[in-house]
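Coordinates in review
Residue-level listing of the chains:
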Amino acid sequence: NLSTKVELRSPKTWIACSNFVQRIPVLKSLGNKAQFKGVLRAQWSPEGWDAIVQGEIDRVEFAELTSPVGSPFKGLGAISFTQLNLSDGQILYAQGKLDCQQGSLQTEWIKKAAQWLELPSKWDSQLAGNQSIDALSVAFELSPEGLRMQGQLPGPSQLPPVAMKLSQATLCTPKVAVTLT
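In what follows, the accompanying structure is described. (Residues numbered from 1 in each chain as written. Predicted model: local features only at pLDDT ≥ 70, side-chain atom pairs only at ≥ 80, totals over all residues. Heavy atoms only, no water.)

Summed over all chains, the structure comprises two salt bridges. Residue Arg9 pairs with Glu7 through a salt bridge whose shortest N-O separation is 2.7 Å. On the accessibility criterion, Glu7 (45% relative accessible area) is partly exposed. As a salt-bridge pair, Glu7 and Arg41 come within 3.6 Å of each other at their nearest N and O atoms. Taken together, the positions of Glu7 in strand S1 (residues 4-16) and Arg41 in strand S2 (residues 35-45) put the pair 34 residues apart, joining distant regions of the chain. Arg41 sits in the partly exposed class, given a relative accessible area of 30%. Several salt bridges converge on common partners, so that one network encompasses Glu7, Arg9 and Arg41. (Salt bridge = Lys/Arg side-chain N within 4 Å of Asp/Glu carboxyl O. Buried < 20%, exposed > 50% of the residue type's maximum accessible area, 1.4 Å probe, protein only. Helix = DSSP H or I, 4+ residues; strand = E, 2+ residues; numbered from the N terminus.)

Following this line, the structure appears as structure tokens:
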């Protein structure tokens, strides 16, 4: 059984994610400037590959990351992973936090989220065009049971409150695994 195992530890020094794109193509979706510090354990074999990641990814280009769904979210930020388990391009489990300072969200996506979260209709009635974001901070846990989020999401600045707080709530349940490669 031929396999290759790699363990990378870089607790203090940032390493460009582009160094790993050839072996882990999904990293390309983070953008050209993305950089990583933390621990990466990966194994490749004829049967496939798997990886466990714990650490931070900074300079994430969210427009690039969300491009498969039309880039509704633009901005530069960071994703920290308490734990990320990957297998053959599929996320098995992910827990961490997403932070963005100074970005924008497409209004259509905000309206969909408002309906999804059953917010009062006046919440999104004055939205037009893209909405600027001063800050977005969301903790997440993605598992076979669904996506759980907690944190602060942007709201229209002309309506109080400026930000909406999320308590822990299951927002979606996956029907099938989504391949990231």
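Attention shifts here to the pairing of S2. Counting buried residues in S2 gives eight out of eleven residues, a clear majority hidden from the surface. Sheet analysis places S1 next to S2, joined by nine bridges and oriented antiparallel. By the bridge assignment for S2, Leu8 is matched with Leu40. Taken together, S2 and the strand that follows it, strand S3 (residues 48-61), pair antiparallel across an intervening segment of two residues. (Pairing = 2+ DSSP bridges.)

A few words on the packing of aromatic side chains. Per the counting criterion, the structure on display carries one aromatic pair. Ring geometry for Phe81 against Phe140: centres 6.1 Å apart, planes inclined by 80 degrees, an arrangement best described as edge-to-face. Here Phe81, found in strand S4 (residues 73-87), pairs with Phe140, found in strand S6 (residues 130-143); they are 59 residues apart in sequence, far enough to count as distant. Like Phe140, Phe81 is buried. (Phe/Tyr/Trp six-rings, centres within 6.5 Å; stacked < 30°, edge-to-face > 60°.)

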